Amino acid sequence: MTKILVLIVGLAIIGFILWWFFGKHAVASADATVTDHQQSVDIEVSGGYSPENIVLKQGVPAVLNFTRKDASSCLDHVVFSDFGINQALPQNQAEPIQIDTSKPGEYEWACGMDMFHGKLIIK
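Keep in mind it's a predicted model, so treat the numbers as computed, not measured.

Conventions we followed
Residues numbered from 1 in each chain as written. Predicted model: local features only at pLDDT ≥ 70, side-chain atom pairs only at ≥ 80, totals over all residues. Heavy atoms only, no water. Helix = DSSP H or I, 4+ residues; strand = E, 2+ residues; numbered from the N terminus. Rg over C-alpha atoms; globule rule 2.2 N^0.38 Å. Contact = heavy atoms within 4.5 Å. Areas by Shrake-Rupley, 256 points an atom, 1.4 Å probe, with all protein chains shown as cover. Lys, Arg positive; Asp, Glu negative; His and termini not counted. Charge placed at Lys NZ, Arg CZ, Asp CG, Glu CD. Pairing = 2+ DSSP bridges. Axes fitted to C-alpha atoms, helices over the stretch in contact; angles between N-to-C directions. Polar contact = N/O pair within 3.5 Å; in protein donor to acceptor, adjacent residues only side chain to side chain. Core = buried A, V, L, I, M, F, W, Y, C linked by side-chain atoms within 4.5 Å. Buried < 20%, exposed > 50% of the residue type's maximum accessible area, 1.4 Å probe, protein only. Salt bridge = Lys/Arg side-chain N within 4 Å of Asp/Glu carboxyl O.

Here we come to the overall build of the protein chain. For the protein chain, the helix and strand inventory stands at one helix and eleven strands. When its helices and strands are written in sequence order, the protein chain yields α-β-β-β-β-β-β-β-β-β-β-β. Rg of the C-alpha trace for the protein chain: 18 Å, well past the compact-globule value of 14 Å for 123 residues, more than 25% over. Taken along the three principal axes of its C-alpha coordinates, the protein chain extends 70 × 30 × 25 Å. Once local pairs closer than 6 in sequence are excluded, the contacts in the protein chain between residues at least 24 apart make up 51%. Counting only carbon and sulfur atoms, one obtains 58% of the accessible surface of the protein chain, whose full area is about 8,000 Å². Separation of charge centres in the protein chain, based on 8 positive and 13 negative side chains, amounts to 8 Å.

Here it is in structure tokens:
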């Protein structure tokens, strides 16, 4: 009986891990707010990025304001490899990051360990 219980618990844990890493999860999205010919989005960093998908208008200067509330060292940097940005995110402080919106497309960002991701869509 113990072996069957251990097998069931083990399979449940494996199923959870597969769902966690490969399952489809709800993703928060946001369009930038445009004021005085500049667009901005506030992003909270707490166990990931919220919102995770950002839509910007092409040709309008943009600022992403990251506020890290998570103490984990994984989320203490944000990396936009397509823009050559590797920015430290101090805890409990807004950190503005200027984004070049001259070229439309989809661009990924990630934490310093490449475990948490977000997507920037410029159109």
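This part covers the sheet that holds strand β11 (residues 117-122). Sheets are built from strands that pair by backbone hydrogen bonding, the pairs being arranged parallel or antiparallel. An order of β1-β5-β11-β10-β7-β8 is seen for the six strands of this open sheet, with the pairing classed as mixed. Sheet topology places β1 (29-31) and β8 (85-88) at the edges, where each strand pairs with a single neighbour. When strand polarity is set aside, the average angle formed by the axes of neighbouring strands in this sheet is 20°. Bridge count between strand β10 (residues 105-111) and β11: six bridges; the pairing is antiparallel. Residue pairing for β11: G105 is matched across the bridge by I122.

A word on the side chain of N65. With respect to the helices and strands, N65 occurs in strand β6 (residues 62-68). Polar contacts involving the side chain of N65 include one to the side chain of D42, which spans 3.2 Å. Here N65 is in contact with S40, V41, D42, I43, E95 and P96, once residues within four sequence places are set aside.

Turning our eyes to something else, we now look at the nonpolar core. Proteins that are soluble and globular tend to have nonpolar side chains buried together. If you look at the biggest cluster of nonpolar residues, it comprises 23 residues, and the most contacted ones within it are F66, F80 and L120. Of all elements in the fold, only β3 (38-45), β5 (53-56), β6, β7 (77-80), β9 (94-99), β10 and β11 reach the threshold of two or more residues within this core. If we skip the residues at most four places from it in the chain, F80 touches L64, F66, I85, I97, I99, E108, W109 and L120.

The next subject is the pattern of salt bridges. Per the counting criterion, the structure on display carries two salt bridges. The salt bridge partner of E44 is K69, with a shortest N-O separation of 3.6 Å. Here K69 lies in the loop between β6 and β7 and E44 lies in strand β3, a separation of 25 residues in the sequence. Taking relative accessible area as the criterion, E44 reaches 36% and is therefore assigned partly exposed. A relative accessible area of 45% places K69 in the partly exposed class. Taking the shortest distance from any N to any O, the salt bridge between E106 and K119 comes out at 3.5 Å. Of this pair, E106 sits in strand β10 while K119 sits in strand β11, and the two are 13 residues apart along the sequence. Classification of E106 as exposed rests on a relative accessible area of 55%.

Any functional reading would require information beyond the geometric quantities listed.
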